[in-house]
Amino acid sequence: MFNREEELKKLPAKPGVYLMHDKSDEIIYVGKAVSLKNRVRQYFQKSRNVSPKIERMIERIAWFEYIVTDSELEALVLECNLIKEHSPRYNTMLKDGKSYPFLKATIQEAYPRLLFAHQMKRDGCKYFGPFTSSKAIRDTIELVNKLFHLRNCRKVLPRDIGKERPCLYHQIGQCKAPCQGAVSQEEYRAGFEKALKFLQGDTREILSELTEKMQQASAEMKFEEAAQYRDLIQSVKQVTERQKITSSDNEDRDIVAMARGGDEAVVQVFFIRGGKMLGREHYYLTGVKEESDSAVLSAFVKQMYAGTPYVPKEIWMEEEVEDAAAILEWLSTKRGYKVYFRYPKRGQKERMLELAKRNAELVLIKDAEKLKEERARTVGAMEEIQQLLEMDGLKRVESYDISNINGFETVGSMVVFENGKAKKSDYRKFRIRSVSGPDDYGAMREMLTRRFEHSRREGLSELDSFGRLPDIIFMDGGKGQVNIAEEVLSNLNIIVPVCGMVKDDRHRTRGLYFQNKEIPIDTHGQGFRLITRIQDETHRFAIEYHKQIRSKGQVHSVLDDIPFIGPARRKALMRHFDSLDDIRKAGLEELMELPEMNEQAAREVVSFFRQTDESES
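Residues numbered from 1 in each chain as written. Predicted model: local features only at pLDDT ≥ 70, side-chain atom pairs only at ≥ 80, totals over all residues. Heavy atoms only, no water.

Enquirer: What's the story with helix α3 (residues 52-60) in this structure? I'm lost.
Expert: Structural remark: α-helix, 3.6 residues per turn; residues separated by three or four positions point the same way. Among the residues of α3, Lys 53, Ile 54, Met 57 and Ile 58 are the ones counted as buried. All buried residues of α3 lie within an arc of 135° about the axis, which places them on one face of the element. Where the residues of α3 are buried, they touch β1 (16-21) and β2 (27-33). (Buried < 20%, exposed > 50% of the residue type's maximum accessible area, 1.4 Å probe, protein only. Helix = DSSP H or I, 4+ residues; strand = E, 2+ residues; numbered from the N terminus. Arc of directions from axis to C-beta. Contact = heavy atoms within 4.5 Å.)

Enquirer: What should I look at first to understand the pattern of salt bridges in this one?
Expert: One side chain can pair with another of opposite charge once the charged atoms of both are near each other. On inspection of all chains with the given rule, the structure shows 39 salt bridges. Across the pair Lys 423 and Asp 426 runs a salt bridge, and its minimum N-O distance is 3.6 Å. On the basis of relative accessible area, Asp 426 is assigned to the buried category, the value being 6%. Arg 540 is paired through a salt bridge with Glu 544; the nearest N and O atoms lie 2.9 Å apart. A residue pair is termed a helical-turn pair when its members lie 3 or 4 positions apart in one helix, as Arg 540 and Glu 544 do in helix α16 (residues 526-551) at four residues. Residue classification places Glu 544 among the partly exposed positions, given a relative accessible area of 42%. Through salt bridges with shared partners, a single network forms among Arg 396, Glu 398, Glu 418, Lys 423, Asp 426, Arg 451 and Arg 468. (Salt bridge = Lys/Arg side-chain N within 4 Å of Asp/Glu carboxyl O.)

Enquirer: I keep staring at a nonpolar patch on the surface and nothing clicks. Help me out?
Expert: A surface patch of nonpolar side chains, about 310 Å² in accessible area, is lined by Leu 168, Tyr 169 and Ile 172. When you line up the elements, Leu 168 lands in helix α6 (residues 168-171). (Patch = residues over 30% accessible without salt bridge, like charges linked within 9 Å, V, L, I, M, F, W, Y side chains within 5 Å. Areas by Shrake-Rupley, 256 points an atom, 1.4 Å probe, with all protein chains shown as cover.)

Enquirer: Looking at this structure, how should I read the packing of helix α14 (residues 440-454) against helix α15 (residues 479-491)?
Expert: How two helices sit against one another is set out by the angle between their axes and by the gap between those axes. Across the interface, α14 lies against α15 with an axial gap of 9 Å and an inter-helix angle of 35°. Pair α14 / α15 crosses with right-handed handedness. Packed against α14, whose contacting residues are Tyr 441, Met 444, Arg 445, Leu 448, Thr 449 and Phe 452, the element α15 presents Gly 480, Gln 481, Ile 484, Ala 485, Glu 487, Val 488 and Leu 489 at the interface. Counted by class, the contact of α14 with α15 contains eight nonpolar, three polar and two charged residues. (Axes fitted to C-alpha atoms, helices over the stretch in contact; angles between N-to-C directions. Left-handed = near helix turned anticlockwise from the far one by under 90°. Nonpolar A, V, L, I, M, F, W, Y, C, P; charged D, E, K, R; others polar.)

Enquirer: Would you mind going over the packing of helix α10 (residues 293-306) against helix α11 (residues 324-335) with me for this structure?
Expert: In contact at an axis separation of 11 Å, α10 and α11 are set at 15° when each is read in the N-to-C sense. Taken together, α10 and α11 sit at an angle that is classed as roughly parallel. Crossing angle aside, the handedness with which α10 passes α11 is left-handed. Contacts between α10 and α11 pair Ser 298, Val 301, Lys 302, Tyr 305 and Ala 306 from the former with Ile 327, Trp 330, Leu 331 and Lys 334 from the latter. Its residues placed into classes, the contact of α10 with α11 shows six nonpolar, one polar and two charged. (Parallel < 35°, antiparallel > 145°, perpendicular 65-115°, else oblique.)

Enquirer: What is the right way to look at the nonpolar core in this model?
Expert: In summary, soluble globular proteins display a tendency toward joint burial of nonpolar side chains. Formed by 30 residues in total, the largest nonpolar core has its most connected members in Phe 300, Leu 331 and Phe 341. Looking at this core, the elements that each hand over two or more residues are α4 (72-86), β9 (253-261), β10 (264-273), β11 (276-286), α10 and α11. Counting 29 residues, the second largest nonpolar core, distinct from the first, contains Leu 157, Ile 206, Leu 207 and Val 236. (Core = buried A, V, L, I, M, F, W, Y, C linked by side-chain atoms within 4.5 Å.)

Enquirer: Please explain unusual backbone geometry as it appears in this structure.
Expert: Generally, phi is negative for residues other than glycine and the peptide bonds are trans, each holding for most cases. For the bond from Leu 157 to Pro 158, the omega torsion is 10°, close enough to zero to count as cis. Here Pro 158 lies in the loop between α5 (134-148) and α6. In this structure, Asp 323 takes a positive phi of about 60° despite not being glycine. Along the chain, the position of Asp 323 falls in the loop between β12 (314-316) and α11. Look at Glu 390: it is not a glycine, yet its phi comes out positive at around 55°. Along the chain, Glu 390 falls in the loop between α13 (379-389) and β14 (396-405). By relative accessible area, Glu 390 is classed as exposed at 73%.

Shown next as structure tokens:
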């Protein structure tokens, strides 16, 4: 039994992170503290002065735990990780975790290349970005390779020089064929350095060169060649325009501004790299109604930069954030160099912040209805299902399905929804081992037994999909499927409610089967639509896995070993007979009843299984 007063006395006066749990053991809040003893005790003092939101959180606290760290910086990093992992309902949450691609220059290679990269790594390469458009990166790479005659092959040079013929790009004049030794390493790298200057915004030299070549080609009446140079000039200008100059100091910075409305907020970020704006993006936050601007921005900065590999030198914001010193120390450690918060109040810098804020306000106004709809179809839908089942605390849903072709190559799927959204990282696939033939109940029993036996293993991390039990299980069927699930859970002494999704004669959901009774459901409500999405996703995932196994040839059917049995006859046998054992037992006349079979093929099937039986005996 958790004794709050006794546990409060045990709190150390050290930095660390505290986690608040409710009675269902859900983590509802994560916070950090310079002194755990002082910070956690404040929540339970009668004289506390907190917002209504935190007051509601305190009322739900059943117990708490804490993790001691050596410094406030370590506590900050741990807090970020735990918030991202558990998504506590009373923390201000960043609603989407986006990542952005980079343009990668392999400057450590003897003959360097420009590549598309999904993330930035410490691998000796030079990175440009992040970009908000993958197409913008690919267009830029194509243009720069064409302008500076760079290679885009995967050959390891100089090791592979002369091993193969030059590619098409050399034949059309876009590559100088370093793979053939047609250009020296020094000459190639000189061109590559020009390409890097171009990517950093120095386009004057290349524009002058292209203009001169266009005019010369035009004077010589080579109009087709002149048109090609004209198109290249236009492409260069488009890339230059995309990277609009916002400052002359060539620094990397993010410009962060926020707009608020009710319990929602939109944060707009301008990505400035090398003095140029490479793109912009907005982020939605929820749970901000009773938080100060400073607290919301602090939560945003910690969550955003915890999930991105790149930290710019400067971050501009409208006002100072909470825990600024600790956050800056963390960001500087993450970047490897000093990071600064700037709070511009006048001039061009202040106008850039104002521009970002106006964009955030526009997004908030434009997407206000979208935000409401998104909540209705996810969290709101789960609340409808809770009311229908007269339950509380439903967050994690698991659903299962079986897929096979007349009992052949049976597979199972497990999909997970949390707060009304698919959590694809927790999906799992099962190859059914103990069941042959079209025995969906047997296959389901095996899959559920394996899933929940796995969850009981000692030392299993909650990061493992099997490490967490669902709040409810949805079975794609009525009483029969529910009974199978309840039988498995009972045998393992695991208590999880099971709900069946009952279909009508047209294979459409008409209600839910729960606690031995069928509950009708409003087919126009968001709860019904969520159940339909769960059903569809469970089917899709199972069928996709089954197709994947068949298409990759990962499963070898015994029928493939029989002479004169090709794909058409194999499918015919699988459609006609319920299982492999039935084919084994079939006589010559029964086999020949199939239109696809002739006497020779039927005799081969009978002979094959007779020889197999004799060898096994």
